[in-house]
Amino acid sequence: LGADNYEVYANDIHTSGEHMMELINDMLDIAAIEAGKRPMINEDVVIGEILRDCIRNFEPAAKDRDIKLSLDVPENSPSLYADKRSFTQIFLNLLSNAIKFTNRGGTISVSILEMEKSISIKVSDTGIGIPPDRLSTVTDPFSQTHSDPYITQKGTGLGLSIVKSLVEAHDGKLNIESGVEKGTVVTVTFPTQRADDR
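All values reported here derive from a predicted model rather than from experimental measurement.

1. Topic: the nonpolar core
Right, so step 1: Formed by 37 residues in total, the largest nonpolar core has its most connected members in Phe87, Phe91, Leu94, Ile121 and Phe190.
Right, so step 2: Every element with two or more residues in this core is listed here: helix H2 (47–64), strand S3 (79–83), helix H3 (84–100), strand S4 (107–114), strand S5 (118–125), helix H5 (159–169) and strand S7 (183–191).
Right, so step 3: Among all residues touching Phe190, those that are not within four sequence positions of it are Leu80, Phe87, Ile90, Phe91, Lys117, Ser118, Ile119, Ile121, Val167, His170 and Gly172.

Here's what the structure looks like:
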């Protein structure tokens, strides 16, 4: 339309609109989960299949940054009685964080540990880690792990809050271990038997 800057402006407006839509969707999500209004359709979910699909979503981003993604799944991948959509969302969010905060050339690994009465899925990265003073609040809504303005903070700050709410909705537990420049290990543990199991 006569000025090259118009394309830049249009891209900025589009990016801002996408971020706003992401924020609105996340806020609606967490409000629905906490109010118990989000529909949960429980079914037998094969964990390995879900994790493979989640990792496949991030392979292009990992390749662009020379990050190695690995998945350690037992030959007979266990299943859980869970809401497939929620289960997928949990690990998409965890992998998104791992990619975001892992430097070029780093590694991200996902593994499954099956125990007698529970199943744990661990997402480990070699990223920048979380400062000790922020570890206890990192799952709070709108929490940012770093206050350093030179560290990119793209996102709504609701990802881990949603993860925690969805894990608890499945009677599970979320544990985060991290250290600055030592990476982060997020472990999600689900009971193999729940009160609403059929």
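We are not done yet, so read on.
2. Comments concerning the side chain of His170
Right, so step 1: Position of His170 relative to the elements: it lies in the loop between H5 and strand S6 (173–179).
Right, so step 2: In this structure the side chain of His170 is engaged in a polar contact, spanning 3.1 Å, whose partner is the backbone nitrogen of Asp83.
Right, so step 3: Only 2.9 Å separates the side chain of His170 from the backbone oxygen of Leu166, close enough to count as a polar contact.

3. Focus: the sheet that holds S6
Right, so step 1: Taking strand neighbours across the sheet as the criterion, the 5 strands line up as S2-S4-S5-S7-S6 in an open arrangement whose pairing is mixed. In the strand order of this sheet, the two ends are held by strand S2 (68–72) and S6, each with one partner. For this sheet, the mean inter-axis angle between neighbouring strands, taken without regard to orientation, is 10 degrees.
Right, so step 2: Sheet analysis places S2 next to S4, joined by 5 bridges and oriented parallel. The partner of Asp72 across the bridge, within S4, is Ser111.
Right, so step 3: Here H3 sits on the sheet in contact with S2, S4, S5 and S7, set at roughly 25 degrees to S5.
Right, so step 4: Sheet strands in contact with H5 are S6 and S7, and its direction is about 145 degrees off that of S6.

4. Describing the pattern of salt bridges
Right, so step 1: A full pass over the atoms with the stated rule returns 1 salt bridge.
Right, so step 2: One salt bridge in this structure joins Arg56 and Asp53, with 2.7 Å as the shortest N-O distance. One end of the pair is Arg56 and the other is Asp53, both in helix H2 and 3 residues apart, which spans about a single turn.

5. What about the pairing of S4?
Right, so step 1: Bridge count for S4 against S5 is 7 bridges, and the pairing is antiparallel. Opposite Ser109, over in S5, you have Ser124 as the bridge partner.
Right, so step 2: Hairpin connection, S4 to S5: the antiparallel pair is bridged by 3 residues.

6. Points about H2
Side chains of residues three or four places apart in an α-helix project in the same direction, reflecting 3.6 residues per turn.
Right, so step 1: Taking 1.5 Å of rise per residue, 18 residues should cover 26 Å, and H2 covers 27 Å from first to last C-alpha, within 8% of that figure.
Right, so step 2: At Phe58, H2 shows its largest kink, close to 45 degrees, and the proline Pro60 lies no more than four residues downstream.
Right, so step 3: Residues of H2 that are buried include every one of Ile47, Gly48, Ile50, Leu51, Cys54, Ile55, Phe58 and Ala62, and no others.
Right, so step 4: Those residues of H2 hidden inside the fold are in contact with strand S1 (42–46), S2, S3, H3, S4 and S5.
Right, so step 5: Of the residues trailing H2, Asp66 is marked for its positive phi of about 55 degrees.

7. Considerations on H5
Right, so step 1: Residues of H5 that are buried: Leu160, Ser161, Ile162, Val163, Ser165, Leu166 and Val167.
Right, so step 2: Just beyond H5, the residue with positive phi is Asp171, at close to 60 degrees.

8. Description of the environment of Ser118
Right, so step 1: Along the chain, Ser118 falls in strand S5.
Right, so step 2: In this structure the C-alpha to C-alpha distance between Ser118 and Gly172, which are 54 residues apart in sequence, comes to 9.1 Å.

9. Some details on the packing of H2 against H3
Right, so step 1: At a minimum axis separation of 10 Å, H2 and H3 run at an interaxial angle of 35 degrees. Here the hand of the crossing between H2 and H3 comes out right-handed. In contact with Ile47, Ile50, Leu51, Cys54, Ile55, Asn57, Phe58, Ala61 and Ala62 of H2, H3 contributes Lys84, Phe87, Thr88, Phe91, Leu92, Leu95, Ser96 and Ile99.
Right, so step 2: Grouping the constituent residues of the contact of H2 with H3 by class yields 13 nonpolar, 3 polar and 1 charged.

Rules and cut-offs
- Residues numbered from 1 in each chain as written.
- Predicted model: local features only at pLDDT ≥ 70, side-chain atom pairs only at ≥ 80, totals over all residues.
- Heavy atoms only, no water.
- Core = buried A, V, L, I, M, F, W, Y, C linked by side-chain atoms within 4.5 Å.
- Buried < 20%, exposed > 50% of the residue type's maximum accessible area, 1.4 Å probe, protein only.
- Helix = DSSP H or I, 4+ residues; strand = E, 2+ residues; numbered from the N terminus.
- Contact = heavy atoms within 4.5 Å.
- Polar contact = N/O pair within 3.5 Å; in protein donor to acceptor, adjacent residues only side chain to side chain.
- Pairing = 2+ DSSP bridges.
- Axes fitted to C-alpha atoms, helices over the stretch in contact; angles between N-to-C directions.
- Salt bridge = Lys/Arg side-chain N within 4 Å of Asp/Glu carboxyl O.
- Expected span 1.5 Å × (residues − 1).
- Bend = angle between axes of the 7 residues up to and from the residue.
- Left-handed = near helix turned anticlockwise from the far one by under 90°.
- Nonpolar A, V, L, I, M, F, W, Y, C, P; charged D, E, K, R; others polar.

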